[in-house]
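# Chains, contacts and geometry: an overview
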Amino acid sequence: MSTNPAVPGATLAASGKSVARESVDTALIQQLDSAHYLHPFTDHNALKAKGARVMVRGEGIYLWDSEGNKILDGMSGLWCVNVGYGRASMAEAAYRQMQTLPFYNSFFNTTNVPATQLAALLVEISPPQFNHVFYTGSGSEANDTNVRMVRRYWDLLGYRERHTIISRVNAYHGSTVAGAALGGMAGMHEQGGMIPGIVHIGQPSYAQAGQGMSENAFGLVAAGWLEEKILAIGPEKVAAFIGEPIQGAGGVIIPPATYWPEIQRICDKYGVLLIADEVICGFGRLGTWFGSELMGIKPDLITFAKGVTSGYVPLGGVLVGDRVAHVLIEKGGDFNHGFTYSGHPVACAVALENIRIMREEHLVEQVAITTGPYLKAKFGALAAHPLVGYADSCGFVAGLNLVRRTGATVHECEHFDPAQGVGMICRGHMFDNGMIMRAVGDRMIIAPPLVMTPAQIDEMVALIGYCLDATLADLRRRGWT
Ligand SMILES: *Cc1c(COP(=O)(O)O)cnc(C)c1O
């Protein structure tokens, strides 16, 4: 696999676009960045030494940095730029709304036009049990909302003990205090990110825990951990279970087909509310409007953010199913919760335009029927590369595991020592060659913009192959493989 793809070395000049690399003083921006900007999830000292890469422009699936390098964005920004970069109509929607009514709150018995229209549209495109929306500014705030809403739900029904929420190891549910606690990342829990009443079970990672079982048998075992936990705590204390249909930041963990239906059965059996965190899986990523549809489950609450606006402006929220909405509305009184930017008119106007584009261009159907299966075939073929042990995908998320071959076949391989940081080395080669692919340990993952065409999938897979070759050569020089 040594195709030399078109992208490495391509420059702005070659692309014929005129964003002026001269107009951005990279050194100055890096200096200001290093002096004043504390980045999220970053070792600030290490970044200071290296200097941040300055992104200046995006178009379709490509980004350009301040040095004029063209980069293929395999991560849709951060799992969000579903309709691709550079959509003028999104900017126009924001501009029109800012001129008309840039802001008004939804407290004090008021509303605004885009927030109302978007709520109706979200109800239209979501599964039938959803007729209400609660808006937030982000996915994290939406999961905070879930924590308070499910506890409120049980309080209103008179079950004041029923407050525990069960989540999973290695889950990602955001970075507010409740988001971090719901998530299953030890590194976040250790840094002030834990609150009482949240517990975790194992994740349905077949690669990690499925030895000696078929995938489907393992799916039932992993779902069974939920029932064990419910019984250990006492069903009368369990408010809800939360999970991403496919775990994203945890490394694109695609569960066996048996997993989610069994989770649903267990939640139903004990009356436990089911929350699907669809911040990544929602808005077409898996070839359905919502990932729960693909997994065959009927959640009571859906967390959304990211793809709802394709990341052009921040917006998040919770789709509230009839079971919960009915209790909140009928038995309610005040629900003392909300945000200044709940139902922000500009964000909602941009979301309306985003969904209009997705429908007009049939992006969800495209991922389901054409480009998703095409990506599966092409990306799956990377498993033949001598550095790859396993490659899988679902819709427009995909991941491959970097391994050391000990024999000629895929089955004869072993993991690298995590301390060697092989995933990060590979990510470096990707970055240097104009490809953005994220490393989660030694698993390399992508979530491309939904507008990616088959020709661009070919280009991306060739580029990944080229970077895998570069990584393998590097590891051989180090004597690691
Ligand atoms: C990104 C993400 C969040 C957090 O969303 P923010 O907008 O960053 O607060 C929550 N859940 C999942 C599954 C995510 O991927």
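In the structure shown here, the tally under the stated rule is 14 aromatic pairs. Centre to centre, the rings of Phe218 and Trp225 are 6.1 Å apart; their planes meet at 75°, and the pair counts as edge-to-face. Classification of Phe218 as buried rests on a relative accessible area of 0%. An angle of 80° between the planes, with centres 5.5 Å apart, marks the rings of Tyr259 and Trp260 as edge-to-face. Here Tyr259 matches Trp260 in class, with each residue buried. Lying over the aromatic face of Trp154, Arg162 brings its terminal NZ or CZ to 4.1 Å of the ring centre.

Another aspect to go through is the pattern of salt bridges. In this structure the tally under the stated criterion is 15 salt bridges. With a closest N to O distance of 2.8 Å, Arg265 and Glu262 form a salt bridge. In this pair, Arg265 and Glu262 both sit in helix H12 (residues 259–270), three residues apart, roughly one turn of the helix. For Arg265, a relative accessible area of 39% corresponds to the partly exposed category.

Here we take up unusual backbone geometry. A negative phi holds for most residues other than glycine; trans holds for most peptide bonds. The backbone of Trp79 sits at a positive phi, close to 60°, despite the residue not being glycine. If you trace the backbone, Trp79 turns up in helix H4 (residues 76–79). For Trp79, a relative accessible area of 3% puts it in the buried group. The phi dihedral of Val252 falls on the positive side, at around 50°, and the residue is not glycine.

To continue, consider the packing of helix H6 (residues 113–125) against helix H15 (residues 345–360). Closest axis-to-axis distance for the H6/H15 pair is 8 Å, and the angle between their directions is 35°. In this structure, H6 meets H15 at a crossing whose hand is left-handed. From H6, Pro114, Ala115, Gln117, Leu118, Leu121, Leu122, Glu124 and Ile125 reach across to H15, where they touch Pro345, Cys348, Ala349, Ala351, Leu352, Ile355 and Arg359. Along the lines of polarity and charge, the residues of the contact of H6 with H15 split into twelve nonpolar, one polar and two charged.

Splitting the protein by domain gives domain 1 (21–83 + 362–478) and domain 2 (88–360). Contact residues are listed per partner, giving 29 residues for domain 1 and 32 residues for domain 2. At the boundary of domain 1 with domain 2, total buried surface from both sides reaches about 2300 Å², with 65% on carbon and sulfur atoms. Contact with domain 2 buries surface across domain 1, with Trp79, Val83 and Val364 losing the most and accounting together for 27% of the total. Where domain 1 touches domain 2, the interface holds zero salt bridges. Linking domain 1 with domain 2 are 13 residue pairs in polar contact (both at pLDDT 80 or more), by the criterion used here. Taken together, the residues of the side of domain 1 that touches domain 2 break down into 20 nonpolar, six polar and three charged.

Extensive coverage of strand S12 (residues 397–402) is indicated by the burial of six of its six residues. Of the two faces of S12, the one lined by Val397, Gly399 and Asn401 and the one lined by Ala398, Leu400 and Leu402 are each fully buried. Where strand S11 (residues 388–394) and S12 come together, six bridges link them in antiparallel fashion. By the bridge assignment, Tyr390 is partnered in S12 with Asn401. Across four bridges, S12 lies against strand S17 (residues 443–446) in antiparallel orientation.

About the thresholds
- Residues numbered from 1 in each chain as written.
- Predicted model: local features only at pLDDT ≥ 70, side-chain atom pairs only at ≥ 80, totals over all residues.
- Heavy atoms only, no water.
- Phe/Tyr/Trp six-rings, centres within 6.5 Å; stacked < 30°, edge-to-face > 60°.
- Buried < 20%, exposed > 50% of the residue type's maximum accessible area, 1.4 Å probe, protein only.
- Lys NZ or Arg CZ within 6 Å of the ring centre and 35° of its normal.
- Salt bridge = Lys/Arg side-chain N within 4 Å of Asp/Glu carboxyl O.
- Helix = DSSP H or I, 4+ residues; strand = E, 2+ residues; numbered from the N terminus.
- Axes fitted to C-alpha atoms, helices over the stretch in contact; angles between N-to-C directions.
- Left-handed = near helix turned anticlockwise from the far one by under 90°.
- Contact = heavy atoms within 4.5 Å.
- Nonpolar A, V, L, I, M, F, W, Y, C, P; charged D, E, K, R; others polar.
- Domains from an automatic or database assignment.
- Buried area = accessible area lost by both parts, 1.4 Å probe.
- Polar contact = N/O pair within 3.5 Å; in protein donor to acceptor, adjacent residues only side chain to side chain.
- Pairing = 2+ DSSP bridges.

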